[in-house]
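# Analysis of the macromolecular model
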Amino acid sequence: MSIKISIITVCYNAQACIESTIQSVLGQTYADIEYILIDGNSKDHTLAIIQKYALEAERKKYAYRWISESDKGIYDAMNKGLHLAKGDYVWFINAGDRIYTPETLQKVIDGLYTTIFAMGTKKLPDSIYGDTALIDEQGRDLGLRSKRPPEILDFYSFSKGMLVCHQSILIKREIASDYDLQYKIVADMDWVFKVLKIAKWNYNTHIILSSYLQGGFSKANEKESWKERFKVMVKNYGYVRTLYYHLKICYSHLCFLGK
C-alpha cells in the first residue's frame, strides 16, 4: 500500500521566500508526492521560480503542477489546490513555510505503517499531525511554537486554541471540505474544526512536521484575526465556553505583565 501525499503551496508575489519552500518539498526522500502550486497571478518573479523547478520535479518523478491566475484571496487559492489534489492526504505548506527536514515525510509514513501493522488494520487515519518549529524571514530557527500538540487530538482540543498549526496537519482528502470564504483570516482554523468534528482517528507523529514563518498572514492582521477567531470558536464551542477561555488568556497575560 502506497500513500500519496498532495502538498499544496499557495503564493502571491513571493519571490523572496517561495524558493526555500519548493526546495523543502522537492528535497523530500519520500517518493509518492504530488506537488501543487497555486499562484495568484504574481507581478514579480514568483512564477519563473516555480517553473524553474519543473525539471527537478520530473527527475524525482514527483507530480508537479501549477496554475497562475487571479483569485479571491488566500483561501480561494487553497480551495483551487484542494480541487486539483488527487492524493490520499492534503498538506498545505505555503510560501515561506517549509517541511522540517528532507526525511520528515518518510518518517511520518514509516511510523504510520508501523502503527497500522500493530493495529492489524488497513484503515488510514483521518488526520496526521505533529509539532511546529518557528523561523524568521532569514530562515533562522526561533524554537518550537508555544502552543504544543496534544497527545490525543480531538474536536475539543481546540477549545484551548489552535494547538496544532495548520502547516503541521495532513488531512485525508476525502473528508477535506472547502475553506469557508466568509472568513478572510482564520478560515484555516474553521477548516480544521470541520475536519475534527467528523474525524474518528487522528494520528500523532510525535515529530516536528513543519517550519512556520513567524509573522504570517494572520499576524499581519492581528486585530481582525482575533475577531474572526472568536466568531469561529463561538460557532463551534458556544459563547460561554469561548468567553471563559479568552478571559483566562487575558488574566494570564495581565499576571505576566505584573511580574
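None of the values given here were measured: they were computed from a predicted structure. The numbers attached to residues start from 1 for each chain and follow its sequence in the written order. In view of the model being predicted, local features appear only for residues whose pLDDT reaches at least 70, and side-chain atom pairs are presented and counted only at 80 or more, with totals across whole chains, interfaces and linings using the full set of residues. Values shown for side chains rest on all heavy atoms present in the structure; no hydrogens or waters enter the calculation.

This brings us to the overall build of the protein. Segments assigned H or I by DSSP are reported as helices when at least four residues long, segments assigned E as strands when at least two residues long, and all are numbered from the N terminus. Counting secondary structure elements, the protein contains nine helices and nine strands. Radius of gyration: C-alpha atoms only; globule rule: 2.2 Å multiplied by the number of residues to the exponent 0.38. Taken over C-alpha atoms, the radius of gyration comes to 18 Å for the protein, in line with the 18 Å a tight globule of 259 residues would show. Think of it in three bands: with a 1.4 Å probe and only protein chains considered, a residue is buried below 20% of the maximum accessible area for its type, exposed above 50%, and partly exposed in between. Of all 259 residues assigned to the protein, the portion counted as buried reaches 49%. Nonlocal contacts in the protein, meaning residues at least 24 apart in sequence, comprise 77% of its contacts between residues at least 6 apart. Shrake-Rupley sampling with a 1.4 Å probe provides the accessible areas, and residues are treated as covered by the protein chains on show and by no other component. As displayed, the protein offers around 13000 Å² of accessible surface, 56% of which is attributable to carbon and sulfur atoms. Averaging the coordinates of the 34 positive side-chain charges in the protein and doing the same for the 29 negative ones gives two points 5 Å apart. A contact between two residues is defined here by any heavy atoms of the two lying within 4.5 Å. For the purpose of charge, His is not counted, nor are the chain termini; Lys and Arg are scored as positive and Asp and Glu as negative. Every charge is mapped to an atom, namely NZ of Lys, CZ of Arg, CG of Asp or CD of Glu.

Attention shifts here to the nonpolar core. If you look at the biggest cluster of nonpolar residues, it comprises 37 residues, and the most contacted ones within it are Ile 8, Val 90, Phe 158, Ile 171, Tyr 179, Trp 191 and Phe 193. Excluding residues that lie within four positions of it along the chain, Ile 8 makes contacts with Ile 36, Ile 38, Gly 81, Leu 82, Ala 85, Val 90, Trp 91, Phe 92, Ile 93 and Asn 94. Within this scheme, the nonpolar core is defined by two criteria: the residues are buried Ala, Val, Leu, Ile, Met, Phe, Trp, Tyr or Cys, and they are joined through side-chain atoms within 4.5 Å. Among the nonpolar cores identified, the runner-up in size contains 34 residues, and Ile 5, Leu 37, Val 108 and Trp 201 belong to it.

Let's shift gears to the pattern of salt bridges. Each reported salt bridge corresponds to a side-chain nitrogen of Lys or Arg within 4 Å of a carboxyl oxygen of Asp or Glu. Inspection of the entire model under this criterion finds nine salt bridges. The shortest N-O distance in the salt bridge between Asp 136 and Arg 140 comes to 2.7 Å. The exposure class of Asp 136 is buried, given its relative accessible area of 14%. Here Asp 190 makes a salt bridge to Lys 235, at a shortest N to O gap of 2.7 Å. Placement of the pair is Asp 190 in helix H6 (residues 187-198) and Lys 235 in helix H8 (residues 222-237), with a sequence separation of 45 residues. The network of salt bridges with common partners includes Asp 190, Lys 194 and Lys 235.

What follows is about the packing of aromatic side chains. Aromatic rings from Phe, Tyr and Trp, with only the six-membered ring used for Trp, were paired whenever their centres fell within 6.5 Å, and each pair was classed as stacked if the ring planes differed by under 30 degrees, edge-to-face if by over 60, and tilted otherwise. Evaluated as defined, the whole model comprises 13 aromatic pairs. Seen from their ring centres, Phe 193 and Tyr 237 are 5.4 Å apart, and the 80 degrees between their planes marks the pair as edge-to-face. Pair noted here: Phe 193 is in helix H6 and Tyr 237 is in helix H8, with a separation of 44 residues, a long-range link. These aromatic residues form a ring-pair network of at least three members: Phe 155, Tyr 156, Phe 158, Phe 193 and Tyr 237.

A separate point is unusual backbone geometry. Here the phi dihedral of Lys 61 falls at roughly 65 degrees; this positive angle occurs in a residue that is not glycine. Locating Lys 61 in the fold gives a position in the loop between helix H3 (54-59) and strand S3 (63-68). Unlike most non-glycine residues, His 206 shows phi in positive territory, near 60 degrees. Assignment of secondary structure puts His 206 in strand S9 (residues 202-213).

By definition, disulfides here are pairs of cysteine sulfur atoms that lie within 2.5 Å. Taken as a whole, this structure holds zero disulfides when the rule is applied. Unpaired in terms of disulfides, Cys 165 finds its nearest cysteine sulfur in Cys 17, a separation of 15 Å.

A separate point is the environment of Ile 198. For Ile 198, the location among the structural elements is in helix H6. Measuring from C-alpha to C-alpha, the distance between Ile 198 and Asp 126 comes to 8.7 Å, with 72 residues separating the pair along the chain.

Note on patches: the residues involved have over 30% relative accessible area and no salt bridge, like charges join within 9 Å, and the nonpolar side chains Val, Leu, Ile, Met, Phe, Trp and Tyr join within 5 Å. Nonpolar side chains collect at one region of the surface, where Tyr 239, Val 240 and Leu 243 lie side by side and expose about 310 Å² of accessible area between them. Secondary-structure assignment places Leu 243 in helix H9 (residues 239-257). Look at Leu 243 and you get partly exposed, because its relative accessible area is 31%.

Our next topic: the environment of Trp 91. In this fold, Trp 91 is placed in strand S4 (residues 89-92). With 76 residues separating them in the primary sequence, Trp 91 and Gln 167 have C-alpha atoms 7.2 Å apart. Excluding its chain neighbours within four sequence positions, the residues that come into contact with Trp 91 are Ile 5, Ser 6, Ile 7, Ile 8, Ile 99, Leu 105, Gln 167, Ser 168, Ile 169, Leu 170 and Leu 209.

To continue, consider helix H4 (residues 74-84). Most of H4 sits inside the fold, with eight of its 11 residues counted as buried. When we look at burial in H4, the residues that qualify are Tyr 75, Asp 76, Ala 77, Met 78, Asn 79, Lys 80, Gly 81 and Leu 82. Close packing links the buried residues of H4 with strand S1 (5-11), strand S2 (33-39), S3, S4 and H6.

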